[in-house]
Amino acid sequence: MKTGFVNIFGQPNAGKSTLLNALMGEKLAIVSSKVQTTRHRIKAIMTEKDYQVVISDTPGIIEPRYKLHEKMMMAVKGALEDSDVALLIVDVRDKYEESNAIFEALKLKVPAIVVINKIDLVTEERIREAIAYFESKPYCKATIKISATSGINIKSFLKPILAFLPEGEPFYTNDDISDLPTKFFVSEMIREKVYELLGDELPYHTAVLVREFKEKTTLVKIVADIIVHRETQKAIVIGDKGSMIKKLGSYARKDIEEFLQQKVFLELFVKVKPKWRDNDIYLKEYGY
Ligand SMILES: Nc1nc2c(ncn2[C@@H]2O[C@H](COP(=O)(O)OP(=O)(O)OP(=O)(O)O)[C@@H](O)[C@H]2O)c(=O)[nH]1
Ligand SMILES: [Mg+2]
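Parameters and conventions
Residues numbered from 1 in each chain as written. Chains lettered and ligands numbered in written order. Predicted model: local features only at pLDDT ≥ 70, side-chain atom pairs only at ≥ 80, totals over all residues. Heavy atoms only, no water. Donors = N, O, S within 2.8 Å, 3.2 Å for Na, K, Ca; no water. Helix = DSSP H or I, 4+ residues; strand = E, 2+ residues; numbered from the N terminus. Buried < 20%, exposed > 50% of the residue type's maximum accessible area, 1.4 Å probe, protein only. Pairing = 2+ DSSP bridges. Axes fitted to C-alpha atoms, helices over the stretch in contact; angles between N-to-C directions. Contact = heavy atoms within 4.5 Å.

Trainee: Explain the coordination of the magnesium ion (ligand 2) residue by residue, including any values.
Mentor: Taken together, Ser17 (OG) and Thr38 (OG1) make up the protein donors of the magnesium ion (ligand 2), found 2.0 to 2.1 Å from the metal. Taken together, the residues Ser17 in helix α1 (residues 16-24) and Thr38 in the loop between α1 and β2 (42-47) connect sequence positions 21 residues apart. Here Ser17 matches Thr38 in class, with each residue buried.

Right under this line is the structure:
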């Protein structure tokens, strides 16, 4: 069977995580309208009769400003090193030159397919322009135009990619869909709600740590800390009379229940850890 690693790279917000989820038909990677949502490499496994593709979402490529950013770019580097095929995703509204500069800097040793995303938002002419631009680049073996949110060209997406993959034995058993633990997905779902409900800088100063995950007979009990830099941020996350943390908890709980297919009791705490983004010990503790 065809098997190998297909890894998604691109600028922040290009739609990498949305594409991964659309391909899986399941929400594995969190998504937000803010940049730098994804911080880890997220592997998803697609197994069919004639192929097993391990597809990875990665953090958007940026110039690191904190140790956290450095860890994020290490995740990109790891994915670069074991790609059989690289999917270079572009928000069709972005400046092509900026994406191109990033793609060239990757110095890819494997075939790349440029994925023109968000075609639901622009004219046919703009899409043709983008395709012509990237098809002239030496790293680009093919282009695919999609809308990850509207599902345009998602069903047929993998077919042209399989041609670039080697024959081999599957790495994972049939029912594995990821190599990451449940706790990871739970903490990400909580983090997503921080991106959704809290503005500006706050999401970038936030980490989530699942401290307790206990399966009881009728429900799963989860205790998690939302980590921020400053007391003022803690007050914002808690909100007036606890209104914000309550909202965060109830939104996150709904998603976690759907993911686990089980009732969940979720307890959230807010903790202040100054400069955790530049502290190796905290970064490690929070899974980076
Ligand atoms: N209209 C439209 N919006 C899209 C499409 N794909 C993604 N988006 C939106 O673009 C935003 C960013 O999507 P993500 O999937 O989080 O982007 P990402 O590349 O993973 O971003 P980082 O993790 O920050 O690097 C979200 O608001 C998505 O809903 C698309 O095809 N059409
Ligand atoms: Mg993402």
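Resuming the write-up.
Trainee: Describe in detail the sheet that holds strand β9 (residues 264-272), supporting the description with residues and values.
Mentor: The three strands are arranged β7-β8-β9 in an open sheet whose pairing can be described as mixed. A single partner strand is all that each edge strand has here, and the edge strands are β7 (207-215) and β9. Within this sheet the neighbouring strands show an average axis-to-axis angle of 15°, counted without direction. By the bridge criterion, nine bridges tie strand β8 (residues 220-228) to β9 in an arrangement that is parallel. Its bridge partner being in β9, Val223 is matched across the sheet by Glu267. Here helix α6 (residues 182-197) sits on the sheet in contact with β7, β8 and β9, set at roughly 130° to β7.

Read these as geometric descriptors, not functional statements.
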